[in-house]
Amino acid sequence: MSDTLPRRPWLISRLLGAPGAVAGTIVIAAILGLAVFAPYLAPYDWNATSQCRRLAPITGEHWFGCDLFGRDIFSRVIYGARFSLAMGLSTVAISLVFGALLGIVIAYGGGRIDRIGARVIDSMLCFPPIILAILIVAVLGVGLLNAALAVGISGIPRFARITRAATLSLAARDFVEAARAVGSSHGRIVLRHLLPNLAPILIVIATLDLGGAVLFTATLSFLGLGAQPPTPEWGAMLNAGREYVRYAPWTMIFPGLALFLTVMAVNLVGDRLSLILDPRQRDRT
Amino acid sequence: MSARAILGRLIGVIPTLLITWTFVFGAMRLVPGDPVLLMLQGTPISDAAMDAARAKLGTDRPIVVQYVSFLANAARGDFGDSFRSRQPVTSLIAAEFPFTLQLAVGGFIIGLLLGATLGVIAGVWPNGWVDAVCMTLALAGLSLPSFWIGMILIQVFATQLGWVPVLGTGFDALILPSISLGLFLAGGLARLTRNSIIEVMGQDYIRTARAKGLTMLRVVAKHAMRNAVIPPLTLLGIQFALLIGGAVVTETVFARPGIGRLLVLAVLEKDFPVVQGVVVLTTAAYVLINVAIDIAYGIIDPRVQS
């Protein structure tokens, strides 16, 4: 019998108990809708040039104006939705899976493994995250997937540290002791006893991290280290619009606004979710 | 904090730096391609000259020797010459550093003013609409792409209104980058300050001050602020990491000179000695600043011992 925290069937209703979280959920749903149905929603081909005059301003036909190559910015922003959340989710997945694995292994290993592991994790946390990500991009080469990988890897130490601390406190609890006493294998203890109890914390950290991860990946694209032209990724679009922004501010306003709304929505939902799932957070407010 | 404890902290830095530098060394070894060819960046060269270049870079020696000499050089602040400009990496970084420092200080001041104000207001009237508005603003600060807000600031205040120059390194050209960098910091600080104020406002001495008939403003200004600002400030070290990271982006948006811009250009141009130098030095600075803050708190506040 596994000793998990009490089930919470009312999670969704509690999540939607705050106006901010409702707004966030609606925006996330809209972004997901744009991402899935982009080909049907976009009025023009995202990569077709000469759809309109170069840097043409906002008109009834081109709601967000046109970029330097006469591409419809509205269509490009819609397609951009495909990158933002997907990149955020995949980078957080990398940080989460490898960070949690590392954290559990060293905490469960104990003794010297734990001491050395904790030291290495703390040292890796001494890299400012963006510097670490840029270093990894420098090694792997510039590109969208490499940038996502770099953001994911640079998050591993943070997840590892939190998981390690949580595992250490769990491993000292009676039910883990009991499981060990009845002869459960290490794998069984980790999978059946530790992981289910770590899940709420990991979910909270992952959701809180998601907004940052979306922003972080877009930042690398903005710096020219991630998505390359003509990819309609929002950060890359902002980078491309940088040179002629004073003549055509619409080239940067809409991709940036889309990015801001996405990150804000994810953060609003993440904040609410952490309030519900993390009891310590609840005590504080 | 005793001299012994301080010495202990300082010695504790060594393994940390060793691990981070080892990671950087390892990462640089994983870069595909012959470093000498990367250094030449396509210039044709004779085999003899190639061997000479290899000997100069030290890539012909065993990896252990390279590792030890990398550590020794890093400790002395020597990272070789830039592939691109052929100047010593250390002097390139030294030339750019003052600009990044100015930006970091500017961003920190803006972030602190804005973040503390929002946090105090929210913390004094928690759980009402004031709190909701302040915390939504703080979350917006954390969610704003700093490169986007930077471009908007340039467009509005430099291009349209002409209040500040678009480019330059003077004081007036520092205002917009500082705001753009400070907004992100303000978001996080506001949240920390709010929680800290709420905690302090529940203390007995605040209740006593209120009972004495002091106004709310006086209680907050004289009693709560002083105690509530300390916990967020202990995170100064973490703020430094955010500032350095933010500087990379801000310098790019505002086309300002600085370490961040140097790093991004070096990655794009595959100028690996510069990448290595910037990463090693920023990490070392981060570690040392954190230790310095740690020690300073130990001296100021005797309760901090562990």
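For the structure, check the block above.
A. Inspection of the overall build of chain A at higher detail. Secondary structure summary: chain A contains 11 helices and zero strands in total. In sequence order, the secondary structure elements of chain A are arranged as α-α-α-α-α-α-α-α-α-α-α. When the backbone C-alpha atoms are referred to their principal axes, chain A occupies close to 75 × 45 × 30 Å. By sequence separation, contacts in chain A at least 24 residues apart represent 71% of the contacts at least 6 residues apart. Counting 24 positive and 15 negative side-chain charges, chain A places the averaged centre of each group 4 Å from the other.

B. Structural detail: the overall build of chain B. Scanning chain B for helices and strands turns up 14 helices and zero strands. Along the chain direction, N to C, the helices and strands of chain B fall in the order α-α-α-α-α-α-α-α-α-α-α-α-α-α. Seen through its principal axes, chain B has C-alpha atoms that stretch 85 × 60 × 30 Å. Taken across its 306 residues, chain B has 44% of its residues classed as buried. Taking all contacts inside chain B whose residues are at least 6 apart in sequence as the whole, residues at least 24 apart take part in 72%. Total accessible area on chain B is roughly 14900 Å²; 69% of this is exposed by carbon and sulfur atoms.

C. Fine view of the packing of aromatic side chains. Applying the stated rule across the entire model yields nine aromatic pairs over all chains. Considering the side-chain rings of Phe157(B) and Trp163(B), the 5.6 Å spacing of their centres and the 45 degrees angle between planes classify their relative orientation as tilted. A network of ring pairs unites the aromatic residues Phe64(A), Phe74(A) and Phe254(A) as a single cluster.

D. Representation of the pattern of salt bridges in the model. Evaluated as defined, the whole model comprises eight salt bridges over all chains. Between Arg164(A) and Asp114(A) there is a salt bridge, with its nearest N and O atoms 2.7 Å apart. Here the residue Arg164(A) occupies a position in helix α6 (residues 144-171), and Asp114(A) occupies one in helix α4 (residues 111-124), the gap between them amounting to 50 residues. Asp114(A) sits in the buried class, given a relative accessible area of 10%. For Asp271(A), the salt bridge is made with Arg191(B), and the minimal N-O distance between the two is 3.0 Å. You can see Asp271(A) sitting in helix α10 (residues 250-277) and its partner Arg191(B) sitting in helix α8 (residues 175-201), one on each of two chains. For Arg191(B), a relative accessible area of 25% puts it in the partly exposed group. Through salt bridges with shared partners, a single ionic network connects Asp67(A), Arg71(A) and Arg76(A).

E. Main features of helix α6 (residues 129-143) of chain B. When the terminal C-alpha atoms of α6(B) are compared, their 21 Å separation across 15 residues agrees well with the 21 Å that a helix rising 1.5 Å per residue should span. For α6(B), the complete set of buried residues consists of Asp131(B), Cys134(B), Met135(B), Ala138(B), Leu139(B), Ala140(B), Gly141(B) and Ser143(B). Looking at the buried side of α6(B), the elements it contacts are α8 (186-222) and α10 of chain A together with α5 (89-124) and α8 of chain B.

F. Layout of the environment of Leu71(B). Residues and elements named next belong to chain B. Within the element layout of this structure, Leu71 appears in helix α4 (residues 63-76). In this structure Leu71 comes out as buried when scored by relative accessible area, which is 16%. Along the backbone, Leu71 and Thr22 are 49 residues apart, and their C-alpha atoms lie at a distance of 8.1 Å. Apart from residues lying up to four places away in sequence, Leu71 is in contact with Leu18 and Trp21.

G. The arrangement of the interface of chain A and chain B in detail. Taken residue by residue, the interface counts 44 residues in chain A and 46 residues in chain B. Here chain A and chain B share an interface that buries about 4100 Å² over both sides, 79% of which is from carbon and sulfur atoms. Where chain A meets chain B, there are one salt bridge. Run the count over chain A and chain B and you get seven residue pairs in polar contact (both at pLDDT 80 or more). Counting residues per element, the ones that place at least two in the side of chain A that touches chain B are α4, α5 (129-140), α8, α9 (234-241) and α10 of chain A. At 11 residues, α10(A) tops the list of elements feeding residues into the side of chain A that touches chain B. Grouping the amino acids of the side of chain A that touches chain B by side-chain chemistry returns 31 nonpolar, eight polar and five charged.

H. Structural view of the environment of Ala133(A). Residue and element names in this part refer to chain A. Relative to the elements of secondary structure, Ala133 occurs in helix α5. Classification of Ala133 by relative accessible area gives buried; the value is 0%. Spatially, the C-alpha atom of Ala133 lies 40 Å from that of Arg180, the residues being 47 residues apart in sequence. Discounting chain neighbours no more than four positions away, the residues touching Ala133 are Ala150, Val151, Ser154, Phe216 and Leu220.

I. Representation of the state of the cysteines within the structure. All names here are of chain A. According to the stated counting rule, one finds one disulfide over all chains in the structure shown. Disulfide partner of Cys52: Cys66, at an S-S distance of 1.8 Å. With the S-S dihedral at roughly -120 degrees, the linkage between Cys52 and Cys66 falls on the left-handed side. Placement of the pair is Cys52 in the loop between α2 (19-41) and α3 (73-109) and Cys66 in the loop between α2 and α3, with a sequence separation of 14 residues. Under the relative-accessibility criterion, Cys52 is labelled buried at 16%. The class for Cys66 is buried, based on a relative accessible area of 0%.

J. View of a nonpolar patch on the surface. Taken together, Phe97(B), Leu101(B), Val105(B), Ile109(B) and Leu113(B) make up a surface patch of nonpolar side chains, about 470 Å² in accessible area. Checked against the element boundaries, Leu101(B) lands in helix α5.

K. Here's a closer look at a positive patch on the surface. Residues and elements named next belong to chain B. Together, Lys212, Arg218, Lys222 and Arg226 line one region of the surface with positive charge. Mapped onto the secondary structure, Lys222 falls in helix α10 (residues 216-228). Judged by its relative accessible area of 46%, Lys222 falls in the partly exposed class.

Rules used in this analysis
- Residues numbered from 1 in each chain as written.
- Chains lettered and ligands numbered in written order.
- Predicted model: local features only at pLDDT ≥ 70, side-chain atom pairs only at ≥ 80, totals over all residues.
- Heavy atoms only, no water.
- Helix = DSSP H or I, 4+ residues; strand = E, 2+ residues; numbered from the N terminus.
- Contact = heavy atoms within 4.5 Å.
- Lys, Arg positive; Asp, Glu negative; His and termini not counted.
- Charge placed at Lys NZ, Arg CZ, Asp CG, Glu CD.
- Buried < 20%, exposed > 50% of the residue type's maximum accessible area, 1.4 Å probe, protein only.
- Areas by Shrake-Rupley, 256 points an atom, 1.4 Å probe, with all protein chains shown as cover.
- Phe/Tyr/Trp six-rings, centres within 6.5 Å; stacked < 30°, edge-to-face > 60°.
- Salt bridge = Lys/Arg side-chain N within 4 Å of Asp/Glu carboxyl O.
- Expected span 1.5 Å × (residues − 1).
- Buried area = accessible area lost by both parts, 1.4 Å probe.
- Polar contact = N/O pair within 3.5 Å; in protein donor to acceptor, adjacent residues only side chain to side chain.
- Nonpolar A, V, L, I, M, F, W, Y, C, P; charged D, E, K, R; others polar.
- Disulfide = S-S within 2.5 Å.
- Patch = residues over 30% accessible without salt bridge, like charges linked within 9 Å, V, L, I, M, F, W, Y side chains within 5 Å.

By themselves, these are just geometric observations and shouldn't be taken as functional.
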